[in-house]
Structures are given as structure tokens and as C-alpha cells.
Amino acid sequence: MDVTSMSLVKQHDSDFGRERFFSISGILVVSPIAGYLVDATTTDNAEKNYLAAFYLFMATVLVILVIVYKLEVRINSPGKKMWKKTMFLMKNPDVLSFVLVIFILGTAFCFTKNFMFWYLEGMNSPSFLIGLIPAVSALYGLPFLVTSRWWVNKNWCHSYIPTGFARICY
């Protein structure tokens, strides 16, 4: 969906951050609702009933599929000489260290994201709380997404980076 969003942002000269705002807002609203539905449909002393949350998920997926089907999206051709350009970038120690740090951070994030729910389930947390956690974690990104054009257009090189390091910005 992000590739489709990016293509439509380019096509309509929009702002990707504002488009992602609606995606994050959906997480903010739907996750607690799904958690509440699990709690509301589960009877006492029984296994949790995830059927209502599954139906909510399937309904939202179908709505999204219909909307995406109706959109006219132009497919952009891939860039030329991508491997050559990638190898050129990977020879730069700054880029290589950045990729390594992002890889490590992504691995830690995915571990936390995938196993946190099992941990909470083991503590017998209410499903509403389990649904509220992604919503609250999505909350911090909303102000940045609304103001993303300002952040991207801000010339950080001249304001905060010493003169000797300005070559990184160009």
C-alpha cells in the first residue's frame, strides 16, 4: 500500500506524510475497537473469541480493496542501473554504517513488536489493552506526519551541522 500511496502522491503532487496520517489514524481508531470486540464477545472462563475482530479486519480489507481497485494508479518503471548505483552507495562508509544501524534497530523493533502481544497474553491482559498499545504507539507519529513537508524542506545542513560535515548533505 505504501508504494501505491507514493505513486498517487507523485501523481497528484501531494504530501506523503499527510497521506500516512490517515493510515496511522486508522490504527489509532480500529485497534482499540478490535480489542474491545474480543473482550465483549468472550464469555467468562472461556478461550478468547477473536471472531469479531477477524470480521472487522476482513471488512476493512474488503473496503480498502474496493477503493484501491477504483483508483487509477500509474505504475512507474524501475530506475536504470540500480545495482550500479547501489554498489556506489554501499562503498561509502557513512551509508554502510547507516544501513547497519537501521538493520539492527529494525531487528530489535520487529522482535519487540512480534513478541509483546504473547507476553501480554501470558499476563492475562485484557484484549482492549492489547489493542490500545498499537494505537498509543501510533499517536507519537501524527504530529510529525502533519508537518512532514516542513521537516523535509528544512535545511538542516546549514543550521546544525558544522561546516566540515556539510558535504554529507549535498
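Since the model is a prediction, treat every value here as computed from it, not as a measurement. (Residues numbered from 1 in each chain as written. Predicted model: local features only at pLDDT ≥ 70, side-chain atom pairs only at ≥ 80, totals over all residues. Heavy atoms only, no water.)

1. Notes on the overall build of the protein
For the protein, the count of helices and strands is nine helices and zero strands. Helices and strands in the protein line up, N terminus first, as α-α-α-α-α-α-α-α-α. The burial tally for the protein puts 16% of its 170 residues in the buried class. Total accessible area computed for the protein in this model is approximately 13800 Å², and 71% of it derives from carbon and sulfur atoms. (Helix = DSSP H or I, 4+ residues; strand = E, 2+ residues; numbered from the N terminus. Buried < 20%, exposed > 50% of the residue type's maximum accessible area, 1.4 Å probe, protein only. Areas by Shrake-Rupley, 256 points an atom, 1.4 Å probe, with all protein chains shown as cover.)

2. A word on the UniProt feature "transmembrane region" (unreviewed entry) in the protein
UniProt marks residues 21-38, 50-73, 94-120 and 126-146 with the feature "transmembrane region" (unreviewed entry), using the numbering shown here. With 100% helix and 0% strand, residues 94-120 has its two end C-alpha atoms placed 39 Å apart. (UniProt positions renumbered as here; feature names shortened; annotations may be inferred.)

3. Focus on the confidence of the model for the protein
Averaged over all residues, the pLDDT of the protein equals 80, while 89% of them reach at least 70. Throughout residues 160-170 the model reports pLDDT below 50, and contacts reaching past four residues in sequence, or to other chains, amount to eight contacts. (pLDDT = per-residue confidence, 0-100. Contact = heavy atoms within 4.5 Å.)

4. What about the environment of Leu-37?
Among the secondary structure elements, Leu-37 is positioned in helix H2 (residues 16-41). Residues Leu-37 and Ala-52, 15 residues apart in the sequence, show an inter-C-alpha distance of 6.1 Å. With residues near it in sequence (within four places) discarded, Leu-37 still touches Ala-52 and Leu-56.

5. Some points on the packing of helix H5 (residues 93-122) against helix H6 (residues 127-139)
Put simply, H5 and H6 touch, their axes get as near as 10 Å, and they point 150 degrees apart. For the element pair H5 / H6, the angle class is roughly antiparallel. Note that H5 runs across H6; the crossing there is right-handed. Facing H5, whose interface residues are Met-116, Phe-117, Leu-120 and Glu-121, H6 presents Ile-130, Ile-133 and Pro-134. Its residues assigned to classes, the contact of H5 with H6 comprises six nonpolar, no polar and one charged. (Axes fitted to C-alpha atoms, helices over the stretch in contact; angles between N-to-C directions. Parallel < 35°, antiparallel > 145°, perpendicular 65-115°, else oblique. Left-handed = near helix turned anticlockwise from the far one by under 90°. Nonpolar A, V, L, I, M, F, W, Y, C, P; charged D, E, K, R; others polar.)

6. Focus: the pattern of salt bridges
This structure, assessed with the given rule, holds one salt bridge. Where Glu-121 meets Lys-48, a salt bridge forms, and the shortest distance between an N and an O atom there is 3.6 Å. With Glu-121 in helix H5 and Lys-48 in the loop between H2 and helix H3 (51-70), this pair connects stretches of sequence that are 73 residues apart. We classify Lys-48 as partly exposed; its relative accessible area is 25%. (Salt bridge = Lys/Arg side-chain N within 4 Å of Asp/Glu carboxyl O.)

7. Details of H2
Over its 26 residues, H2 extends 37 Å from the first C-alpha to the last, a length consistent with the 38 Å expected when each residue adds 1.5 Å. Within H2, the full set of buried residues consists of Gly-17, Ile-24, Ser-25, Ser-31, Pro-32, Ala-34, Gly-35 and Val-38. Buried residues belonging to H2 abut H3, H6, helix H7 (142-146) and helix H8 (148-153). (Expected span 1.5 Å × (residues − 1).)

8. As for the side chain of Thr-42
If you trace the backbone, Thr-42 turns up in the loop between H2 and H3. Here the side chain of Thr-42 touches Val-38 through a polar contact of 2.6 Å, landing on its backbone oxygen. Side-chain polar atoms of Thr-42 contact the backbone nitrogen of Asn-49, separated by 2.9 Å. Residues within four places of Thr-42 in sequence aside, it is in contact with Glu-47, Lys-48 and Asn-49. (Polar contact = N/O pair within 3.5 Å; in protein donor to acceptor, adjacent residues only side chain to side chain.)

9. Overview of the environment of Leu-56
Tracing the sequence through the fold places Leu-56 in helix H3. By relative accessible area, which is 22% here, Leu-56 ends up partly exposed. Considering only alpha carbons, one finds Leu-56 and Val-30, 26 residues apart in sequence, at a separation of 8.7 Å. What Leu-56 contacts, discounting residues up to four positions off in sequence, is Val-30, Ile-33, Ala-34 and Leu-37.

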